[in-house]
Amino acid sequence: MQKTEFKAESKRLLEMMIHSIYSNREIFLRELISNASDAIDKIYYKALTDSNLTFAKEDYYIKVEIDKDTRTLSIVDTGIGMTRDELENNLGVIAQSGSLSFKRENEAKDGHDIIGQFGVGFYSAFMVAEEVTVITRALGSDSAYVWKSAGVDGYTIESGQKATVGTEILLKIKENTEDENYEDYLDEYRVRSIIKKYSDFIRYPIKMEVTRQRPKEGSEGEFEEYREEQTINSMVPIWRKNKNELTDEDYEAFYMEKHYGFDKPLKHMHISVDGAVSYNAILYLPETTPFDFYTKEYEKGLELYSNGVLIMSKAPDLLPDYYRFVKGMVDSEDLSLNISREILQQNRQLQLIAKNIKSKITSQLQNMLKDERDKYEVFYKSFGTQLKYGVYSDYGSNKDTLQDLLLFYSLKEEKMITLDEYVSSMPEDQKYIYYATGETYERIEKLPQTELVVDKGYDILCFIEEIDEFAIKMLMNYKEKEFKSVASGDLGIEADEDKEQTEQEAQENKALFDEMKKILGDKVKAVRISKRLKNHPVCLTADGDLTIEMEKVLNAMPN
Ligand code: ADP
Ligand code: MG
């Protein structure tokens, strides 16, 4: 039989597929199932418009079969099938070469999830199979053809037998190697979970015969195994359902099912956008900080689906860093598996979605703060620090929105307040927004530096996290009020006559202060008289922009 060589491009791609180290071989099944689903789509739409074709709903399905004896995994569909020419053109040539040149340029980088980013569909079968056989019969044709290939050498096509229209893909699974347990792909449980993971929302049933157990008749307590065909996928994704039909429990169940977190979600958002870019998303604010949130292991990102098919389990570019706590998924028809073959990061659609999602999260948080303060404070306790990091690291306009989402503990109110609330309740003569840093609220309360400010009837924001002061320094001011540490040299409170008096007292006691400075030496920069103290004899203050707390942080940083 005549063996046809693959076209040059295809050959290189194939070589790359087979020999590269993919940590994610399992996605071959997703690709083949997606192709099967596409093929059924085609026949389905044809039947809709062609009255000569009659199909019932149960005629459309995909079947996955495992034969351990022949080490074969097969994917059978009732789709439109392929003619001889189509076999030649579709499976002999790879259409896109853009992805190939991209891969070549990026050869050095690791190949992780490479297909997820610009999958190469059918060819991925060769990652797990030593031989691939395609038996297909096209709609409207009586002849069937068999396409066979063992990889780079090329392929053969010959006539074959097939009773019904559709396609069967038979994969002769590779033998186990030291690095890879290929026979996993012949394991019923494993195959099922791969289907569930990537193809749960394929619109047609994916059937598979599975082993089950039932009580053995007549013998108490004994079980027997039996085989039964099951539909593995749930088909209708929750995000395509009407919001009105869904309950909080449904969203909670999805959160659990997807293992987005071990807690219950605090809040969910169901977003459906139609416009320049269309997408559905279900996003969650978790209630508690994930245990690994502050470790390197924590990965931000959302699940990304293209038309119901998972293409990436953590698409990081969909979330800004300061919203890295958000969990959930995005599904867009505008991101076909084909589009995804380009570099996702530079994908315009994806950038639009990301921008849109960011503003949805922001308005959700704004609304929560306004209407569900208790809930917001629970959220803030878990993730407020992240927003402060957002303020600190974002030079753009996001700072303006983020600053209004911040809460700080008010010394006067003894509760969490926003900057707006602070400024709104400032007495008219108050010039600055005062804050004090310390390890706990109790400690801050006892700080001698707070006395004068408190005495004036001004409120003080308590900063107990290192990031607090850094974030505030980035803001510089809020509603034209500058931030001022109660530990700064000049509090802006002393009246002019006080200043004069202080000056005079300083002169009178100069000898004493000089002596003190001599004893303390380098430990202090100067010893001065202070008007800010009432009950405490002495306090430390900082000169210049840095407070003592900030200096501590900076000094602790590795150089
Ligand atoms: P893509 O699906 O992105 O087009 P693939 O490499 O996955 O790329 O598949 C190549 C082509 O082969 C498909 O476009 C389709 O025309 C054809 N094909 C693959 N699998 C099937 C199938 N099960 N039934 C019919 N045609 C198929
Ligand atoms: Mg495909």
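Remember, it's a predicted structure, so these values are computed and weren't measured experimentally. Residue positions are given per chain, counted from 1 along the sequence in the order it is written. A letter from A marks each chain and a number from 1 marks each ligand, given out in the order of writing. Thresholds applied to this predicted model are a pLDDT of at least 70 for local features of residues and 80 or more for the giving and counting of side-chain atom pairs; totals over whole chains, interfaces and linings are not thresholded and use all residues.

A. Fine view of the site of ligand 1. For ligand 1, the set of nearby residues contains 16 residues, the closest of which are Asn35, Ala39, Asn90, Gly121 and Phe122. For the shell around ligand 1, the secondary-structure elements that each account for two or more residues are α2 (27-49) and α3 (84-92). Within the shell around ligand 1, the residues separate by chemical class into seven nonpolar, seven polar and two charged. Near, for a residue, is defined by distance from a backbone-placed C-beta atom to a molecule or strand, with 6 Å as the limit that must not be exceeded. Only DSSP runs of H or I reaching four residues or more are called helices, and only runs of E reaching two or more are called strands; each is numbered from the N terminus. Throughout, the ten residues Ala, Val, Leu, Ile, Met, Phe, Trp, Tyr, Cys and Pro are labelled nonpolar, Asp, Glu, Lys and Arg are labelled charged, and all others, Gly among them, are labelled polar.

B. Layout of unusual backbone geometry. In the Ramachandran plot, Lys479 falls in the positive-phi region, its phi being about 45 degrees despite a non-glycine side chain. With respect to the helices, strands and loops of the structure, Lys479 is situated in the loop between β18 (477-478) and β19 (481-485). Each residue is classified by how many other C-beta atoms fall within 10 Å of its C-beta atom, where C-beta atoms are placed from the backbone; a count of 20 or more means buried, 12 or fewer means exposed, and values in between mean partly exposed. A count of 12 C-beta atoms within 10 Å places Lys479 in the exposed class. Even without being a glycine, Glu480 presents a positive backbone phi close to 65 degrees. Position of Glu480 relative to the elements: it lies in the loop between β18 and β19. Assessed through the 6 C-beta atoms surrounding it within 10 Å, Glu480 is described here as exposed.

C. A look at the sheet that holds strand β7 (residues 206-215). Pairing between strands requires that DSSP locate at least two bridges from one strand to the other. Strand order in the open sheet formed by eight strands is β5-β4-β3-β6-β2-β1-β7-β8, and the pairing between neighbours is mixed. Both outer strands of the open sheet, β5 (155-160) and β8 (223-231), are each paired with one neighbouring strand and no more. Each strand axis lies, on average, 25 degrees off the axis of its neighbour in the sheet, ignoring direction. Two strands pair when backbone bridges link them, and strand β3 (residues 129-137) and strand β4 (residues 144-149) are joined in this way by six bridges, in the antiparallel orientation. Residue pairing across strands places Thr136 opposite Tyr145, the latter belonging to β4. The strands touched by helix α6 (residues 188-199) are β1 (62-67), β2 (72-77) and β7; relative to β7, the strand with the most contacts, the crossing angle is about 130 degrees. In this analysis an axis means a line fitted to C-alpha atoms, helices contributing only their contacting stretch, and an angle means the value between N-to-C directions, from 0 to 180 degrees. Contact criterion: two residues are in contact if their C-beta atoms, reconstructed from the backbone, are within 7 Å.

D. Structural context of the packing of helix α9 (residues 373-393) against helix α14 (residues 466-475). The contact between α9 and α14 brings their axes to 8 Å, and the two run at 35 degrees. Crossing of α9 over α14 shows left-handed handedness. Side by side, α9 and α14 meet where Thr385, Lys388, Tyr389, Val391 and Tyr392 of the first sit next to Ile467, Asp468, Phe470, Ala471, Met474 and Leu475 of the second. For the contact of α9 with α14, the per-class residue count stands at eight nonpolar, one polar and two charged. Left-handed describes a crossing in which the near helix is turned anticlockwise from the far one by less than a right angle; the clockwise case is right-handed.

E. Focus on the packing of α2 against α6. In the contact formed by α2 and α6, the axes pass within 9 Å of each other and the chain directions differ by 65 degrees. Considering only the axes of α2 and α6, their crossing is right-handed. For the pair α2 and α6, the contacting residues are Ile27, Leu29, Arg30 and Ile33 in the first and Ile194, Ile195, Tyr198 and Ser199 in the second.

F. Expanded view of the pairing of strand β6 (residues 166-173). The buried fraction of β6 is high, at seven of eight residues. Of the strand pairs in this sheet, β3 and β6 are connected by eight bridges, and their pairing is antiparallel. Paired with Ile135 across the strands is Glu168, a residue of β6.

G. Molecular detail of the sheet that holds strand β13 (residues 327-332). The strand order β9-β10-β13-β11-β12 describes an open sheet built from five strands, whose pairing is mixed. Of all the strands in the sheet, just β9 (265-273) and β12 (309-315) have a single pairing partner and so form its edges. Sheet twist, expressed as the average angle between the axes of neighbouring strands with direction ignored, equals 15 degrees.

H. Geometry of the pairing of β1. Burial of β1 is one-sided: the residues Ile62, Val64 and Ile66 facing one way are buried, the residues Lys63, Glu65 and Asp67 facing the other way are not. Inspection of the sheet shows β1 paired to β2 by six bridges, in the antiparallel sense. Looking at the pairing, Asp67 lines up with Thr72 of β2. Pairing analysis gives three bridges linking β1 to β7, with the strands arranged parallel. Looking at β7, one finds that Lys63 is bridged to Lys207.

I. Structural detail: the nonpolar core. We call a set of buried Ala, Val, Leu, Ile, Met, Phe, Trp, Tyr and Cys residues a nonpolar core when their C-beta atoms link them within 7 Å. In this structure, Ile33, Ala125, Leu171, Val330 and Ile460 are the most contacted members of the largest nonpolar core, which totals 120 residues. If we ignore the near neighbours within four places in the chain, the residues touching Ala125 are Phe28, Leu32, Val132, Ile169 and Leu171.

J. How the structure looks around the environment of Phe126. Assignment of secondary structure puts Phe126 in the loop between α5 (114-118) and β3. Sequence separation between Phe126 and Arg25 is 101 residues, and the spatial gap between their C-alpha atoms is 9.6 Å.

K. Up close: the environment of Lys300. Tracing the backbone through its elements, the reader meets Lys300 in the loop between β10 (279-286) and β11 (302-306). Spatially, the C-alpha atom of Lys300 lies 6.9 Å from that of Lys314, the residues being 14 residues apart in sequence. Ignoring any residue separated from it by four or fewer positions in sequence, one finds Lys300 in contact with Pro316, Leu319, Asp321 and Arg324.

L. Region of the structure containing the confidence of the model for the chain. The pLDDT score gives, residue by residue, the confidence of the prediction method on a 0 to 100 scale. Confidence along the chain averages 85 in pLDDT terms, with 87% of residues attaining 70 or more. Predicted confidence is poor over residues 95-104, with pLDDT under 50, and the contacts of this stretch with residues over four places away or in other chains come to 12 contacts. Every residue in residues 106-119 scores below 50 in pLDDT, and together they form 29 contacts with partners more than four places removed in sequence or on other chains. As a predicted assembly, this complex carries a pTM of 0.68 together with an ipTM value of 0.99.

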